[in-house]
Amino acid sequence: MPNFGKLARISLALAMPTSILLIYWLYRHWSQDDEVFGPNRVITTRNTNIEILVPQRAVGAIIGRQGSNIKLIQKKTGARLHFKDRKASEDNDKSFKQTHRTIVILGSPESAQLAELMVHQVIADIPETTTEEIEVPSYFLGGLIGKGGVTIRELTKASGARIHIGPSQDYKSSEKPRVIALTGSREQIDSALELIEQKLEALEDSRVNSKRIGMTPSNKKREKIKLTPVTRDDTPWDLPKESLVPDKLADNSLLDVYVSAVEHPGHFWVQVVGKKALQLEQIQKDITAFVSTTDAKQNYTVTDIIPGELVAAPFDEGTDTTYYRAKILCETADGKVDLYFIDFGDNTFAEKEDIFKLRPDFKSFPPQAVECQLANVEPIGDSWTEEAITCFENLSYCAQWKVVSARVVSYKLDDRGLQIPLIQLTSTSEGQVI
C-alpha cells in the first residue's frame with residue numbers, strides 16, 4: 001500500500017471535490033445545448049435524439065439474433081440505438097404498454113435520420129398478417145390432420161401459415177363442412193391453400209380408388225376439388241366520413257407527414273410517414289411490374305369507363321415509368337380519362353389504352369392520401385392568390401418528400417359530408433410553424 005504523506009493526503013482530498021464539480025459543470029454545459037423539438041426528437045448542437053414506437057412483433061427483428069441486426073444498423077449509420085425499458089415506456093403511454101416498445105436513436109442528424117429510416121424499413125419488411133377461412137368436407141379432416149397431427153404440422157411448416165381447424169361441436173351434422181382458419185402473410189396463406197388443395201386431391205383420389213375396387217372401370221373424370229372461402233363483409237376502399245382520417249392523424253399528437261399535393265392552403269393532401277408509406281412504394285413497384293405481363297394485357301385492360309373504378313395508371317408520360325393507383329372520375333369530351341390518384345391527391349388525364357384494372361390484392365391496401373386544410377388561415381379576399389399557393393408549396397415542401405410535422409386542431413364537414421382535418425404544419429428542419 002502506498003504511504004501518502006500528510007500534505008499528499010490533503011491535496012488528494014481537495015482534488016476529488018474539484019474533479020466532481022468539473023464533471024458536473026461539463027454535464028450542465030452539454031445539457032444546455034439541447035433544443036427540444038417535438039415529442040420524439042431532441043436536436044442538439046452535437047447530436048439528434050429520435051424516439052420511435054416499435055410494434056411488439058417487430059422488436060425481435062430489429063434486435064436480431066444476439067443483437068446482430070441492431071449492431072449492424074449502428075455500424076452502418078454510426079448512431080447508437082437502444083430500447084427503453086418497459087416501465088419507462090408504460091409510464092409514457094399506457095395504451096402502448098402491451099403492443100409497442102420505444103427505441104431511442106442517438107447520433108449526428110445525418111446518422112440518426114439514416115438509422116431511423118433503417119428501423120422503419122425493418123418494420124415495413126415484416127409482412128402484415130391476416131386470417132382467411134375456408135370450408136373443407138368433414139370426411140377429409142382425418143387425412144388432413146394425419147396421425148398425431150403430423151400432416152397438418154408439415155403443411156404449417158412448409159407454408160409458414162398457422163392452420164387452425166374449427167371444433168366439431170360447432171356442427172350438428174358430420175355431413176356439413178368444417179371451417180379452417182389460415183393465419184399469416186398473403187404469400188403464406190396462398191402457399192397453404194395450394195398445399196391443402198394438393199393434399200385433398202390426393203385424399204380424394206385414394207377415396208375414389210378404394211370405392212372402385214371390384215367395380216367396372218369408369219372413363220368419367222371427376223371434378224377437381226375447389227376450396228370454398230368463407231365469405232366476409234370486406235370494408236370497401238372508399239371509406240365514408242370520419243373513417244377517411246387515419247387513427248394516427250386523429251389523436252391530436254404531433255406526427256411526421258409528407259405533403260404530397262396542394263390545390264391551395266385550404267385544400268391539400270398529406271401522407272403519414274411510416275411503414276405504410278414504405279409498403280406503398282413496394283405496391284407501386286409490384287403494380288408497375290404487373291402491367292407489363294401478358295395476364296394484365298389480356299385480362300385487365302380497361303374497355304368501359306366506369307366512374308369510381310380503381311385502375312393502375314402512369315402519372316407522367318415522361319421519365320416516370322411507375323404505375324400508381326387511381327380512381328376514374330369521368331371520361332372527357334375528347335375521349336381521355338380523368339383520374340384521381342388515391343395515394344397522393346393529384347389529378348391527371350390519361351388515354352384509355354394506357355390504364356389497367358387493378359388486381360383485387362392491389363385494391364385492399366388503404367388509400368394513403370389524406371385531405372387536409374390548414375388551420376386558422378384564410379385567404380385575403382375571396383380566393384387564394386397564385387403567390388400564396390406557391391409560398392405554401394415551398395414552405396410545406398410539396399412533392400419533395402421532405403418530412404414536416406402535423407397536428408390536428410379540429411375537423412369540419414365539407415360539401416360531400418366528409419370529415420376534413422384542420423391541421424397545423426411545422427417544418428422539422430427549420431423549426432417554424434407553416
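As annotated in an unreviewed UniProt entry, the protein chain is Tudor and KH domain-containing protein from Lymnaea stagnalis.

Chemist: Let's hear about the overall build of the protein chain: which residues, and what values?
Modeler: Broken down by element type, the protein chain carries 13 helices and 19 strands. Counting over 434 residues, the protein chain shows a buried share of 37%. Of all intrachain contacts in the protein chain linking residues separated by at least 6 positions in sequence, the fraction that spans at least 24 positions is 63%. A total of about 26,700 Å² of accessible surface is found on the protein chain, and carbon and sulfur atoms cover 53% of it.

Chemist: How would you summarise helix α3 (residues 68-77) if you had to cite specific residues and measurements?
Modeler: Considered for burial, the residues of α3 that qualify are Ile70, Ile73 and Thr77. Down the axis of α3, the buried side of the element spans an arc of 55 degrees, and every buried residue falls inside it. Facing away from the buried side of α3 by more than 90 degrees, the exposed set consists of Lys71, Lys75 and Lys76. As for α3, its buried residues are in contact with α2 (56-63), β4 (80-83), β5 (100-107) and α5 (109-125). Positive phi appears at Gly78, one or two residues downstream of α3, with a value of about 80 degrees.

Chemist: Describe the sheet that holds strand β19 (residues 419-427), naming the residues involved and giving the relevant values.
Modeler: Pairing in this closed barrel of 5 strands is mixed, and the strands run β10-β11-β17-β19-β18 around the ring. Each strand axis lies, on average, 45 degrees off the axis of its neighbour in the sheet, ignoring direction. With 9 bridges joining them, strand β18 (residues 404-413) and β19 adopt antiparallel strand pairing. Residue Tyr411 lies in a different strand from β19, and its bridge partner there is Pro421. The sheet strands contacting helix α13 (residues 386-395) are β10 (255-264), β11 (267-272), β17 (370-374) and β19, and the helix crosses β10 at an angle near 160 degrees.

Chemist: I'd like to hear about the pattern of salt bridges, residue by residue, with values.
Modeler: Under the criterion given, the structure shown has 6 salt bridges. Two residues, Arg186 and Glu132, come together in a salt bridge whose shortest N-O distance is 2.9 Å. Residue Arg186 is found in helix α8 (residues 186-211), and its partner Glu132 is found in strand β6 (residues 130-136); the two are separated by 54 residues along the sequence. Among the residues examined, Glu132 registers a relative accessible area of 22% and is labelled partly exposed. With a closest N to O distance of 3.9 Å, Lys336 and Glu351 form a salt bridge. A residue pair is termed long-range when its members are at least 10 positions apart, and Lys336 in the loop between β13 (323-331) and β14 (337-341) and Glu351 in the loop between β15 (347-350) and β16 (356-357) qualify at 15 residues.

Chemist: Please give an account of the environment of Thr426 that cites residues and values.
Modeler: Along the chain, the position of Thr426 falls in strand β19. On a C-alpha basis, the gap between Thr426 and Val404 in space is 5.7 Å, while along the polypeptide they are 22 residues apart.

Chemist: Kindly report on the nonpolar core, identifying the contributing residues and their values.
Modeler: The biggest cluster of nonpolar side chains holds 32 residues, and the ones touching the most others in it are Ile287, Val311, Leu339 and Ile355. The contact partners of Ile355, leaving out residues within four places of it in the chain, are Val302, Val311, Ala312, Ala313, Val337, Leu339 and Ala350.

Chemist: Describe the environment of Thr332, listing the residues and the values that go with them.
Modeler: In this fold, Thr332 is placed in the loop between β13 and β14. The sequence separation of Thr332 and Phe349 amounts to 17 residues, and the corresponding C-alpha distance is 8.7 Å. If near-sequence neighbours (up to four positions away) are discounted, Thr332 is found in contact with Asp338 and Phe349.

Chemist: Can you tell me about the pairing of β5, naming the residues and giving the values?
Modeler: Burial analysis of β5 places 7 of its 8 residues in the buried class, the great majority of the element. Strand direction decides the pairing type here: strand β3 (residues 48-55) and β5, joined by 8 bridges, are antiparallel. In the sheet register, Glu51 faces β5, and the bridge partner there is Val104. Both β4 and β5 contribute to a ladder of 4 bridges, which runs antiparallel. Residue Leu81 lies in a different strand from β5, and its bridge partner there is Ile105.

Chemist: Account for the confidence of the model for the protein chain, with residues named and values stated.
Modeler: With 71% of its residues at a pLDDT of 70 or more, the protein chain shows a mean pLDDT of 77. Note on residues 21-39: pLDDT under 50 across the span, and 20 contacts to partners over four residues away in sequence or across chains. Per-residue pLDDT stays below 50 along residues 232-244; that stretch engages in 15 contacts with residues further than four places along the chain or on separate chains.

Chemist: Any details on the sheet that holds β14? Residues and values, ideally.
Modeler: Taken in spatial order, the 5 strands make up an open sheet running β15-β14-β13-β12-β16, and their pairing is antiparallel. If you trace the sheet from one side to the other, it starts and ends with β15 and β16, each paired once. Sheet topology note: the strand β12 (residues 310-314)/β13 ladder contains 5 bridges and is antiparallel. Looking at β13, one finds that Ala312 is bridged to Arg325. The strands touched by helix α10 (residues 275-290) are β12 and β13; relative to β13, the strand with the most contacts, the crossing angle is about 75 degrees.

Criteria and thresholds
- Residues numbered from 1 in each chain as written.
- Predicted model: local features only at pLDDT ≥ 70, side-chain atom pairs only at ≥ 80, totals over all residues.
- Heavy atoms only, no water.
- Helix = DSSP H or I, 4+ residues; strand = E, 2+ residues; numbered from the N terminus.
- Buried < 20%, exposed > 50% of the residue type's maximum accessible area, 1.4 Å probe, protein only.
- Contact = heavy atoms within 4.5 Å.
- Areas by Shrake-Rupley, 256 points an atom, 1.4 Å probe, with all protein chains shown as cover.
- Arc of directions from axis to C-beta.
- Pairing = 2+ DSSP bridges.
- Axes fitted to C-alpha atoms, helices over the stretch in contact; angles between N-to-C directions.
- Salt bridge = Lys/Arg side-chain N within 4 Å of Asp/Glu carboxyl O.
- Core = buried A, V, L, I, M, F, W, Y, C linked by side-chain atoms within 4.5 Å.
- pLDDT = per-residue confidence, 0-100.

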